[in-house]
Amino acid sequence: AGVERHGSQWLRSSKMSDWDERMDESEELASESLWQTTEIRNTKPNWSSFGTSNLITSGDVSLMQKFQRESHASQGNVFCEDSKGYTVAFMTILAKVNNKEATKYILTTLDELCKENREIGKLFKSMEALDPVEIVAALCLGRDDEILKARACQVIVQLYNAGVNSTADTTKKLMDYVRVELQREGKHKPFVYLSILSVLQGLLRNHERRVAFVEAKGVEMLISFMRDSKNHANTQLIYQCAACVWLLSYSNGVKEKLVNMEMVAVLVQVVRGTMKEKVIRMMLAIMVNLIDVGEMKSLLSVCGGLRILESMKARTWSDEDISNDLEQLTSAIGKNVEASSTFDQYCKELMSGELEWTPMHKSGTFWEKNVHKFLEKEQQVLKLLVALIKPGERTSTKVLSVALFDIGEFVRYHPAGKASV
């Protein structure tokens, strides 16, 4: 997908565009006790026995034995010196050797090598006979070992970050796997869920995959994760869910489906409830990407976003992106409140006979400023509104609901509202 642009600058500065590096910000993802990295990399799988069984070639055996004689610090250089040989050997072992120790060794080593040197992941782009993503994805889908499954997820992320493509069939299997596994509450340890979520981030770097994810009701899943109060203490989970929404917010035909009351309410809820700058930065980045889409400005206003964002401007932020985004958002929302809460717009909607759940209907500011106008000019506006709920009128359920709500708001805000109706 390449690096996408944010305004006139590269996407969210170099720190932000390299989002894959930030997956290690969580202690759960980086903990040695969880991953057993050193222990696994120090194991000595019996490569010779795999060669004797004709699972790998004698050349593969020699390469692996040579590789393991080197220190961990030197193994990356050894890999790069014979990249063609090692990419084939690693993937052949993962594809053909059904041995947990060997599989965990290869996945762990490959993940760590890619973290140390991003160029190593790119070496798998030129493979011809083997499909790296398909091979590693099969391990995600078919193995129960938690560390093995999580490492396989991390390796898929490394491959996607390096530009290694996957077939449509593999992509669909991964997308289905991610959606199913993330919703199986209590099945996995927390670091495994985060690794699976990382795969989703890798998948969503591509426009077509974003479209497929939205069509599969994936956005609703992300909203439910971010809205669930029991997840709010898990900063990394919220951050990665937000990163998925952020990626979705770059695609035309997708971003429009993010602009709804449910999503905006969750964004505001998270911003209000967290002190973590990385989460706040991501939430604001989403808002900035969507601010000119549909009713985003109005929805942010209705959900109390303007007041919260204004209060945040008084804080000191270590990241200037946050300050810049706060300024941009408060300015855009403020101007929209002045324009969109006008009584003229309400009258136009009312006179059309097609009332919609536009933000002004639920805006306290709108009702406080304009409720008296309903009784001006011989109560013309109030009469139009009441006419929509008269028996015999061919009024849709939606219009009837909005009209009844508005009449209730009029009665609530006007001192003589009940008598007038």
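The text that follows walks through the structure, step by step, so that each part is easy to find. (Residues numbered from 1 in each chain as written. Predicted model: local features only at pLDDT ≥ 70, side-chain atom pairs only at ≥ 80, totals over all residues. Heavy atoms only, no water.)

## Section: the overall build of the protein chain
Stage number 1. Counting its regular elements, the protein chain contains 27 helices and 2 strands.
Stage number 2. For the protein chain, the proportion of its 421 residues judged to be buried stands at 53%.
Stage number 3. Of the accessible surface of the protein chain, which amounts to about 19,800 Å², a share of 48% is contributed by carbon and sulfur atoms. (Helix = DSSP H or I, 4+ residues; strand = E, 2+ residues; numbered from the N terminus. Buried < 20%, exposed > 50% of the residue type's maximum accessible area, 1.4 Å probe, protein only. Areas by Shrake-Rupley, 256 points an atom, 1.4 Å probe, with all protein chains shown as cover.)

## Re the packing of aromatic side chains
Stage number 1. If you walk through the whole model with that rule in mind, you get 17 aromatic pairs.
Stage number 2. Ring geometry for Phe366 against Trp367: centres 5.4 Å apart, planes inclined by 80 degrees, an arrangement best described as edge-to-face. With respect to burial, Phe366 and Trp367 carry one shared label: buried.
Stage number 3. The positively charged end of Lys278 is found above the aromatic ring belonging to Tyr239, 4.7 Å away from the centroid.
Stage number 4. Across from the ring centre of Trp357, 4.9 Å away, lies the NZ or CZ of Lys362, which sits over that ring. (Phe/Tyr/Trp six-rings, centres within 6.5 Å; stacked < 30°, edge-to-face > 60°. Lys NZ or Arg CZ within 6 Å of the ring centre and 35° of its normal.)

## Some words on the packing of helix α11 (residues 132–142) against helix α13 (residues 168–182)
Stage number 1. It is at 10 Å that the axes of α11 and α13 come closest, and there the two elements cross at 30 degrees. Relative to α13, the element α11 is oriented roughly parallel. The chirality of how α11 crosses α13 is left-handed. Contacts between α11 and α13 involve Val133, Glu134, Ala137, Cys140 and Leu141 on the former and, on the latter, Thr170, Lys173, Leu174 and Tyr177.
Stage number 2. Class assignment of the residues belonging to the contact of α11 with α13 gives a composition of 6 nonpolar, 1 polar and 2 charged. (Axes fitted to C-alpha atoms, helices over the stretch in contact; angles between N-to-C directions. Parallel < 35°, antiparallel > 145°, perpendicular 65-115°, else oblique. Left-handed = near helix turned anticlockwise from the far one by under 90°. Contact = heavy atoms within 4.5 Å. Nonpolar A, V, L, I, M, F, W, Y, C, P; charged D, E, K, R; others polar.)

## What to know about the environment of Leu384
Stage number 1. Relative to the helices and strands, Leu384 is located in helix α25 (residues 376–387).
Stage number 2. Put simply, Leu384 and Met351 are 33 residues apart on the chain and 7.4 Å apart in space, counted from C-alpha to C-alpha.
Stage number 3. Other than its neighbours up to four places away in sequence, Leu384 contacts Leu350 and Met351.

## Section: unusual backbone geometry
Stage number 1. The phi angle at Gln36 is positive, at roughly 55 degrees, despite the residue not being glycine.
Stage number 2. The topology assignment puts Gln36 in the loop between α3 (32–35) and α4 (37–41).
Stage number 3. On the accessibility criterion, Gln36 (26% relative accessible area) is partly exposed.
Stage number 4. Positive phi values are uncommon outside glycine, yet Asn54 reaches one of about 65 degrees.
Stage number 5. Along the chain, the position of Asn54 falls in the loop between α5 (47–52) and α6 (58–69).

## Description of the pattern of salt bridges
Stage number 1. Counted according to the given criterion, the structure contains 20 salt bridges.
Stage number 2. Between Asp228 and Lys230 there is a salt bridge; the shortest N-O distance is 2.4 Å.
Stage number 3. A network of salt bridges, in which partner residues are shared, links Asp111, Glu112, Lys115 and Arg151. (Salt bridge = Lys/Arg side-chain N within 4 Å of Asp/Glu carboxyl O.)

## Structural notes on the environment of Ala332
Stage number 1. Structurally, Ala332 is set in helix α22 (residues 320–340).
Stage number 2. Through-space distance from the C-alpha of Ala332 to that of Asp292 is 8.7 Å; in sequence the pair is 40 residues apart.
Stage number 3. Apart from the residues lying within four places of it in its own chain, the contact partners of Ala332 are Ile291 and Lys297.

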